[in-house]
Amino acid sequence: MSNPDALLVDIAAMVESEGSNQMPLTVVVPGAVITGRLAPESLWNERVAEVLATSEHLKPFAALFSPPDDGGAPEPPTHLHLHVARILQGSYGLPHTGGMYRIAIADISSWTVGDLSYSDQ
């Protein structure tokens with residue numbers, strides 16, 4: 001999408017300002033449908049850094065996810081940060097346990113509030 005959806009930007013900004021990580025969202029991006037819960041960027045960065053820090057080989061990368069030292073006014077979000085997120089493929093969500101995804105809002109062609117899941121019923 002060349003012009004990011006203003007409502008989606010507002011939702012992301014509210015997640016950032018409220019510090020909430022409970023908003024379920026499903027997005028369509030080129031080649032994938034991704035479902036999960038929105039998280040503030042700072043919380044998402046913190047969790048990614050924790051995972052990287054537990055790996056001997058990836059530990060140096062954890063520092064890249066440290067919060068910036070800028071005290072300025074917040075900019076409108078350009079990315080969504082999803083946790084417990086899955087890429088939907090057929091009747092499966094990958095990874096099964098959920099992962100951490102950063103998605104450019106400009107790449108989202110459609111979205112819906114809610115976490116999609118499948119059932120074997």
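Predicted model only: the values in this text are computed from it and were never measured. (Residues numbered from 1 in each chain as written. Predicted model: local features only at pLDDT ≥ 70, side-chain atom pairs only at ≥ 80, totals over all residues. Heavy atoms only, no water.)

A. Geometry of the overall build of the chain. For the chain, the count of helices and strands is two helices and five strands. Secondary structure elements in the chain, listed N-terminal to C-terminal, are α-β-β-α-β-β-β. Taking 2.2 N^0.38 as the reference for a compact globule, 121 residues should give roughly 14 Å; the C-alpha atoms of the chain span a radius of gyration of 15 Å, in line with that estimate. With respect to the principal axes defined by its C-alpha atoms, the chain has extents near 45 × 40 × 25 Å. Buried positions account for 32% of the 121 residues belonging to the chain. Pairs at least 24 residues apart make up 62% of the contacts formed inside the chain by residues separated by at least 6 positions. (Helix = DSSP H or I, 4+ residues; strand = E, 2+ residues; numbered from the N terminus. Rg over C-alpha atoms; globule rule 2.2 N^0.38 Å. Buried < 20%, exposed > 50% of the residue type's maximum accessible area, 1.4 Å probe, protein only. Contact = heavy atoms within 4.5 Å.)

B. A look at the sheet that holds strand E2 (residues 32-38). Here five strands make up an open sheet; going across it, the order is E4-E3-E2-E1-E5 and the pairing antiparallel. Looking along the sheet, the strands with just one partner apiece sit at the ends: strand E4 (92-104) and strand E5 (110-113). For this sheet, the mean angle separating the axes of adjacent strands, direction not counted, is 30 degrees. Helix-sheet contacts for helix H2 (residues 41-53) involve strand E3 (79-89) and E4, and the interaxial angle to E4 is about 125 degrees. (Pairing = 2+ DSSP bridges. Axes fitted to C-alpha atoms, helices over the stretch in contact; angles between N-to-C directions.)

C. A look at helix H1 (residues 6-18). Under the 1.5 Å per step criterion, the end-to-end length of H1 is 18 Å for 13 residues, consistent within 8% with the ideal 18 Å. Three or more residues of H1 are buried, namely Leu-8, Val-9, Ile-11, Ala-12 and Val-15. Seen along its axis, H1 keeps its buried residues to an arc of 160 degrees; they face one direction. Turned more than 90 degrees away from the buried face of H1, the exposed residues are Ala-6, Asp-10, Met-14, Ser-17 and Glu-18. The opening residue of H1 is Asp-5, an N-cap whose side-chain oxygen sits 2.8 Å from the backbone nitrogen of Leu-7. Among the residues trailing H1, Gly-19 stands out with phi positive, at a value near 70 degrees. (Expected span 1.5 Å × (residues − 1). Arc of directions from axis to C-beta. Polar contact = N/O pair within 3.5 Å; in protein donor to acceptor, adjacent residues only side chain to side chain.)

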